[in-house]
Amino acid sequence: MDDGMVVEPQVAQTFGVAGTSASVGTTISAAIPAFVVFFAALRLRQPVSRLQAFGILAAFVGIALVAWGRGDAASAASQTSLGGAALVLLSALTIAFYYVWSVELSDRHGTAAVAAWSTLFGFLALLPWAIWEASHVPFTLSATGLASALYLGVMVTVAGLFLWLHLLRTVPARIAASIQYLQPIIGVAAAALMFGDDLGPLFLAGVALVLAGLTLTVTNRRKGEPRDLEPGSRQTQSRGPGTADS
């Protein structure tokens, strides 16, 4: 497995976020589900109807409203550079392609194996960067910091990646990808509960669009229209005896 496909999106996102405002970075990153659907249609032959595509677009617009409702537009523009936005976009494209490519790999080698090797190669590739930063940036070890690192490593990275890859193999990419639009909404709502952040009208309008978009995305085709191909159907048909599974 190419560890560059694991590391490059994270590196591009890290440097890209440094050159964009929070709202701009969130909006660009919100295109990841749409890119996942696009690559899945190309590589996995998973069809998407116009109504379902419209639902994905509506959810994307909803996330944009949520993001831009969190800050001043003029301030966001001043904090954003073209290079930073380009890096975030590059990260979104490579992440989406990696997700779809991982479905093909998981179908041949099993979800657990792909998640494990991805995590291992990602750790090894990022280790020199971490050592360099630790040698140049002062830091102190604390119980809270160690607990946060453990949570991010085990729950978010390992368990989260395994569940995400399993989901992509189980349901069509358009459904799995559209669920990602709930992530920033949950994050903003959690911030409001924990830190008392205000939820303005743009947030409510964005949530309504996201929910409407999700409803359209999971809508089945009308009778008489061809049904969706099963997730990974191209690879499933090529399986032979003894092919690994999750």
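The structure this text deals with has already been given above.
This section reports on the structure supplied with the text. This structure is a prediction, so every number in the text was calculated from the model and none was measured.

1. A word on the overall build of the chain
Thinking step 1. The helix and strand tally for the chain stands at 12 helices and 0 strands.
Thinking step 2. For the chain, the sequential pattern of α-helices and β-strands runs α-α-α-α-α-α-α-α-α-α-α-α.
Thinking step 3. When each of the 246 residues of the chain is scored for burial, the buried share is 37%.
Thinking step 4. The long-range share in the chain, meaning contacts at least 24 apart out of those at least 6 apart in sequence, stands at 90%.
Thinking step 5. For the chain, the computed accessible surface area is about 13800 Å², with 70% contributed by carbon and sulfur atoms.

2. So, helix α11 (residues 201-217)
Thinking step 1. Between its first and last C-alpha, α11 extends 24 Å over 17 residues, near the 24 Å set by a 1.5 Å rise per residue.
Thinking step 2. For α11, the full list of buried residues reads Phe203, Gly206, Val207, Val210, Gly213, Leu214 and Thr217. Projected onto a plane normal to the axis of α11, the buried residues spread over an arc of 130 degrees and lie on a single side. Along α11, the residues that are exposed and aim more than 90 degrees away from the buried face are Pro201 and Leu204.
Thinking step 3. For α11, the secondary structure elements touched by its buried residues are α4 (50-68), α9 (173-179) and α10 (182-195).

3. Comments concerning empty space enclosed by the protein
Thinking step 1. Tallying each qualifying case throughout the model produces 1 cavity of 30 Å³ or more.
Thinking step 2. Its boundaries defined by the atoms lining it, the largest cavity holds a volume of some 30 Å³.
Thinking step 3. Contributing to the lining of the largest cavity are Val37, Gln46, Pro47, Val48, Pro172, Ala173 and Arg174.
Thinking step 4. Looking at the lining of the largest cavity residue by residue, the class counts come to 5 nonpolar, 1 polar and 1 charged.

4. Notes on the packing of α4 against α11
Thinking step 1. Put simply, α4 and α11 touch, their axes get as near as 7 Å, and they point 160 degrees apart. On the basis of their axis angle, the class for α4 and α11 is roughly antiparallel. Between α4 and α11 lies a crossing whose hand is left-handed.
Thinking step 2. Split by residue class, the contact of α4 with α11 holds 17 nonpolar, 6 polar and no charged.

5. A few points about α4
Thinking step 1. For α4, which comprises 19 residues, the first-to-last C-alpha distance of 27 Å matches the rise-based estimate of 27 Å (1.5 Å per residue) to within 8%.
Thinking step 2. Among the residues of α4, those classed as buried are Gln52, Gly55, Ile56, Ala58, Ala59, Gly62, Ile63, Ala64, Val66 and Ala67.

6. With respect to the packing of helix α6 (residues 82-109) against helix α7 (residues 111-136)
Thinking step 1. Packing of α6 against α7 brings their axes to within 7 Å, and their N-to-C directions diverge by 130 degrees. The orientation of α6 with respect to α7, classified from their angle, is oblique. Side by side, α6 and α7 meet where Tyr98, Ser102, Leu105, Ser106 and His109 of the first sit next to Thr111, Ala113, Val114 and Ser118 of the second.
Thinking step 2. Partitioning the contact of α6 with α7 into residue classes produces 4 nonpolar, 5 polar and no charged.

7. Let's talk about the pattern of salt bridges
Thinking step 1. Going through the model one piece at a time under the given rule, you end up with 2 salt bridges.
Thinking step 2. Notably, a salt bridge pairs Asp107 with Arg169, separated by 3.6 Å at the nearest N-O pair. Of this pair, Asp107 sits in helix α6 while Arg169 sits in helix α8 (residues 143-170); the two residues are 62 residues apart in sequence, bridging distant segments of the chain. Note on accessibility: Asp107 and Arg169 belong to one class, buried.

8. Observations regarding the environment of Ala96
Thinking step 1. Along the polypeptide, Ala96 turns up in helix α6.
Thinking step 2. By relative accessible area, Ala96 is classed as buried at 0%.
Thinking step 3. Sequence spacing of Ala96 and Phe39 is 57 residues, and the spatial spacing of their C-alpha atoms is 7.4 Å.
Thinking step 4. Excluding anything up to four places from it in sequence, Ala96 contacts Ile32, Phe35, Val36 and Phe39.

Conventions and cut-offs
- For every chain, the first residue of the written sequence is number 1, and numbering continues from 1 along that sequence.
- Local features are withheld for residues below a pLDDT of 70 in this predicted model, meaning they are given only at 70 or higher, and side-chain atom pairs are given and counted only at 80 or more; totals for whole chains, interfaces and linings count all residues.
- Working from all heavy atoms in the structure, the side-chain values ignore hydrogens and water.
- Each helix corresponds to a stretch of at least 4 residues labelled H or I by DSSP, and each strand to a stretch of at least 2 residues labelled E; elements are numbered beginning at the N terminus.
- Note on exposure labels: buried denotes an accessible area under 20% of the residue type's maximum, exposed denotes more than 50%, and partly exposed covers the range between, all computed with a 1.4 Å probe on protein chains only.
- Contacts: residue pairs with any heavy atoms within 4.5 Å of one another.
- For the area figures, the Shrake-Rupley method with a 1.4 Å probe applies, and any residue is considered shielded solely by the protein chains shown.
- Given the number of residues in a helix, its expected span is that number minus one, multiplied by 1.5 Å.
- It is the directions from the helix axis to the C-beta atoms that the arc portrays.
- Only protein atoms enter the calculation, which uses a 1 Å grid: trapped sets of points that fit a 1.4 Å probe without letting it out are cavities, open sets showing protein on both sides within 12 Å along at least five of seven lines are pockets, and any residue with an atom within 4 Å of a point is a lining residue.
- Grid points are joined across faces, edges and corners, and a volume is the space filled by probe spheres set on the points.
- Side-chain classes follow a simple rule in which Ala, Val, Leu, Ile, Met, Phe, Trp, Tyr, Cys and Pro form the nonpolar group, Asp, Glu, Lys and Arg form the charged group, and the remainder, Gly included, forms the polar group.
- To get an axis, a line is fitted to the C-alpha atoms, and for a helix only the part in contact is used. The angle between two axes follows their N-to-C directions and goes from 0 to 180 degrees.
- Geometric relationships in this document are graded by angle, where less than 35 degrees denotes roughly parallel, more than 145 denotes roughly antiparallel, 65 to 115 denotes roughly perpendicular, and other angles denote oblique.
- Left-handed describes a crossing whose near helix is turned anticlockwise from the far helix by less than a right angle; the clockwise case is right-handed.
- In the sections that follow, a salt bridge refers to a side-chain nitrogen of Lys or Arg positioned within 4 Å of a carboxyl oxygen of Asp or Glu.

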